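# Notes for the structure review
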2 protein chains.
Amino acid sequence: MKILKAGFIQTEPEFGQVANNCQRVADLLEKADADLMVLPELFTTGYQFTDREEVAAFAETIPEGPTTGFLLDLARDLSVNLVAGLAEREGDALYNSAVIVGPGGYLGKYRKAHIFDAEKDLFEPGNLPLPVFDIGKARVGIMICFDWRFPETARTLALNDADVIAHPANLVLPHCPSAMVTRCLENRVFAITADRVGREQRVPGEPLKFIGQSQVVDPDGNILYRASTDGEEMKVVAIDIDLARNKNINPRNHLFQDRREDLYRL
Amino acid sequence: MKILKAGFIQTEPEFGQVANNCQRVADLLEKADADLMVLPELFTTGYQFTDREEVAAFAETIPEGPTTGFLLDLARDLSVNLVAGLAEREGDALYNSAVIVGPGGYLGKYRKAHIFDAEKDLFEPGNLPLPVFDIGKARVGIMICFDWRFPETARTLALNDADVIAHPANLVLPHCPSAMVTRCLENRVFAITADRVGREQRVPGEPLKFIGQSQVVDPDGNILYRASTDGEEMKVVAIDIDLARNKNINPRNHLFQDRREDLYRL
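Criteria and cut-off values
Residues numbered from 1 in each chain as written. Chains lettered and ligands numbered in written order. Predicted model: local features only at pLDDT ≥ 70, side-chain atom pairs only at ≥ 80, totals over all residues. Heavy atoms only, no water. Helix = DSSP H or I, 4+ residues; strand = E, 2+ residues; numbered from the N terminus. Salt bridge = Lys/Arg side-chain N within 4 Å of Asp/Glu carboxyl O. Buried < 20%, exposed > 50% of the residue type's maximum accessible area, 1.4 Å probe, protein only. Pairing = 2+ DSSP bridges. Right-handed = clockwise from strand over helix to strand, strands pointing away. Contact = heavy atoms within 4.5 Å. Least-squares fit on C-alpha atoms with pLDDT ≥ 70 in both.

On to the environment of B:F190. If you trace the backbone, B:F190 turns up in strand β9 (residues 190–194). Put simply, B:F190 and B:D258 are 68 residues apart on the chain and 20 Å apart in space, counted from C-alpha to C-alpha.

Have a look at this one:
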């Protein structure tokens, strides 16, 4: 048994209210006794930017920017690893990114590879590898929201030895919570989806309604905990990382050794 | 709109009673007004063979054997395409196979690539490509039962232009019906799973309980119909094949063009 205390924070960010949104996270996180906590996508700003100029006004460099600094302080003070989504700027390029920090400092970042719908007007598609970080007790892979729709994302993280997939999200479609069960079953990994709740309507049209239902799923496809559709909350569960390192679903079937690479088309 | 009338037959085969099991299929199929019908895995024999010798006694060559002949007659008489699972023999090799036949004759076969648990004592793993067959109104890919667990199977069929995945099965684990929804969402294909019901206990240990729940799922992840867990039945639904040929989930996201092959590991 290799127990990791891991969970998520599900929040309702107010658009553009970075200081308030960070304070809310700090308040919720203070109550967590955890090794790894996942925060939503774009947790400091909210989701629905009106144009690139607005993104640029909020985007930060990683790790030099203030949000990464805020997370580094929290991680050190609370002795926790954190994965959190934020808008990143590098020169003129803008990315929908996630950062991972631990008690010892900055670990790395990921830029969302599969950007969704109007995000194509706001962000560049990610140009970094799908990353796996060793936090000591576990290896943590990162993907962001819509990356779930492409099975190769979680598959690549698992083949690169991720035990846990940290999955910051701002979900508006209904399918992801159930599909993440499939992602765990097909890869025998844990997945922690940290979603947000609430509504946004900053451009004409239907308001965006975020579905919440942040969750922790185990390698057997059990939903260890699923949050509400509409409330802020913090949850930690104890997970046994050894489960994710055993890719046998029975004594005869090993999920990776049984793959038929000779028949697959990439 | 390109409408295909497609469905499944869910049966409870009696082990080894090939003639009776075929007659039951013929009776159910006679009532179907369909272009494509999918039958369960190993529909003529039942599932739990005790050893290779027993498989060999029932296995047939494809297309020369009597079961393919029976299916060819049905397909011609009822003017329907059929996908059905049976034990295949080629020389000394035994395969858990599926055959596809149409009103015009034999179309082809597939040998289960990912064999499950005790099947490893009975069958060789498949040595044929993951196949897609053109039946005029639609392109039909075939996979068998446990192939569902490997996302590359359905992905490969979809990348090779399958509109519909015909999925003969003998399911004993609970996860597949829900996972097939994910398979349809990630590939924008239809999937028809034809499962069996009932129990078998031909070797010591827990009896095998088959879960039924044969189903038709559309490219948006809607379960158009799901059968019971315990009864025989036949179901046909009208599906619009054009839905599977549009890989856009919104005007900005195309499920295949948005794939990031540069980042994936096979």
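Here the focus is the pattern of salt bridges. Inspection of the entire model under this criterion finds 48 salt bridges over all chains. A:K5 is the partner of A:D33 in a salt bridge, and the nearest nitrogen-oxygen pair spans 3.1 Å. Within this pair, whereas A:D33 is found in the loop between α1 (18–30) and β2 (36–38), its partner A:K5 is found in strand β1 (residues 3–10), the two being separated by 28 residues in sequence. Its salt-bridge partner being B:R24, residue B:E232 comes within 2.3 Å of it at the nearest N-O pair. Here B:E232, found in the loop between β13 (223–226) and β14 (233–240), pairs with B:R24, found in helix α1 (residues 18–30); they are 208 residues apart in sequence, far enough to count as distant. For B:E232, a relative accessible area of 28% gives the class partly exposed. Bridged by salt links that share partners, the residues A:E88, A:E90, A:K109 and A:R111 form one connected network.

Residues and elements named next belong to chain A. In terms of burial, β1 is largely enclosed, as six of its eight residues are buried. Inspection of the sheet shows β1 paired to strand β14 (residues 233–240) by eight bridges, in the antiparallel sense. Paired with Q10 across the two strands is E233, which belongs to β14. As paired strands, β1 and β2 are joined by three bridges and run parallel to one another. For G7, the partnering residue across the bridge sits in β2 and is M37. Taken together, β1, α1 and β2 form a β-α-β motif whose crossover is right-handed.

This next bit is on helix α4 (residues 151–159) of chain A. Most of α4(A) sits inside the fold, with nine of its nine residues counted as buried. Summarising the contacts, the buried residues of α4(A) are in contact with β6 (132–134), β7 (139–142), β8 (164–168) and α5 (176–187) of chain A together with α4 (151–159) and α5 (176–187) of chain B. Two residues or fewer after α4(A) comes A:D161, characterised by a positive phi angle close to 75°.

Both copies of the chain are related by a screw-like operation: a rotation about an axis and a shift along it. Of the two same-sequence chains, chain B is brought onto chain A (RMSD 0.0 Å, axial shift 0.0 Å) by a rotation of 180°. In short, the pair behaves as if placed about a two-fold rotation axis. When you check the interface residues of chain B against chain A, 100% turn up at the interface there too, and the contact is symmetric in its surfaces.

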